[in-house]
Amino acid sequence: MPREFEWQEETLGSEDFYREDIEDLLQEGAWKEGFNEWTEYTSLDEEHVRIVSDLGLFQAFDFYWDPTEDRLRFDAPMISDDWRERNTTESLDSSTVSMIDGELDDLGRAVHEVLENYLERNDEVSDYGWGEETYGKREE
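Here we summarise the structure given alongside this text. As the structure is a computational prediction, the values presented were derived from the model and not from experiment.

Quick word on the overall build of the protein
Of regular secondary structure, the protein possesses four helices and two strands. Secondary structure elements of the protein, listed N to C terminal, follow the sequence α-α-β-β-α-α. Sorting the 140 residues of the protein into buried and exposed places 41% on the buried side. Surface exposure of the protein reaches about 8,500 Å², of which carbon and sulfur atoms provide 38%.

As for the nonpolar core
In terms of nonpolar packing, the biggest core is built from 32 residues, with Leu26, Trp31, Phe58, Phe63, Leu107 and Leu115 touching the most fellow members. A per-element tally of this core places helix H3 (residues 94–125) first, with 10 residues.

Here's the deal with a negative patch on the surface
On the surface, Glu33, Glu37, Glu40, Glu113, Glu116 and Glu120 cluster together to form a negatively charged patch. Broken down by element, the residue count for the negative patch peaks at three residues, all from H3. Mapped onto the fold, Glu120 is located in helix H3.

A word on the side chain of His48
Here His48 shows up in helix H2 (residues 46–54). If we skip the residues at most four places from it in the chain, His48 touches Leu92, Thr96, Met99 and Ile100.

Observations concerning helix H1 (residues 19–39)
Over its 21 residues, H1 runs only 26 Å from end to end, short of the ideal 30 Å by more than 12%, given 1.5 Å per residue. Most pronounced at Gln27, the bend in H1 amounts to some 65°.

Overview of the pattern of salt bridges
Under the criterion given, the structure shown has seven salt bridges. With its nearest N and O atoms 3.3 Å apart, the salt bridge here joins Arg73 to Glu69. The partly exposed category is assigned to Arg73, whose relative accessible area is 25%. The exposure class of Glu69 is partly exposed, given its relative accessible area of 44%. If you follow the salt bridges from partner to partner, you end up with Asp66, Glu69, Arg71 and Arg73 in one network.

Cut-offs used in this document
- Residues numbered from 1 in each chain as written.
- Predicted model: local features only at pLDDT ≥ 70, side-chain atom pairs only at ≥ 80, totals over all residues.
- Heavy atoms only, no water.
- Helix = DSSP H or I, 4+ residues; strand = E, 2+ residues; numbered from the N terminus.
- Buried < 20%, exposed > 50% of the residue type's maximum accessible area, 1.4 Å probe, protein only.
- Areas by Shrake-Rupley, 256 points an atom, 1.4 Å probe, with all protein chains shown as cover.
- Core = buried A, V, L, I, M, F, W, Y, C linked by side-chain atoms within 4.5 Å.
- Patch = residues over 30% accessible without salt bridge, like charges linked within 9 Å, V, L, I, M, F, W, Y side chains within 5 Å.
- Salt bridge = Lys/Arg side-chain N within 4 Å of Asp/Glu carboxyl O.
- Lys, Arg positive; Asp, Glu negative; His and termini not counted.
- Charge placed at Lys NZ, Arg CZ, Asp CG, Glu CD.
- Contact = heavy atoms within 4.5 Å.
- Expected span 1.5 Å × (residues − 1).
- Bend = angle between axes of the 7 residues up to and from the residue.

Below, the structure written as structure tokens:
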């Protein structure tokens, strides 16, 4: 499996609650820990991982706090619908594309679980303040 991915922050706006805190946790090791766990059971081979990397899909994950549901969420990237027209993915078939998309979702879940563990630890020992105890109810 390849080296773990270096997280690159994309700030979508000030309305994103806790995005910087989540980014810090990813950089502190949540991404690496989740990625390493995922590599132990993923069905992707090295060619598939190279394709995912070449398409920039590892960098396209989005982990964020959903203020409506008051919980951590993630959006996993998918191979674009025009995959048959791209040099990088032209050798794939639709079942392989579906498998890769599923594995990316599994990666997101693995990192999400690690992030939740980090949040629980930090809520107990730091001032990240996830939840009502520190910040109180937030208005949109």
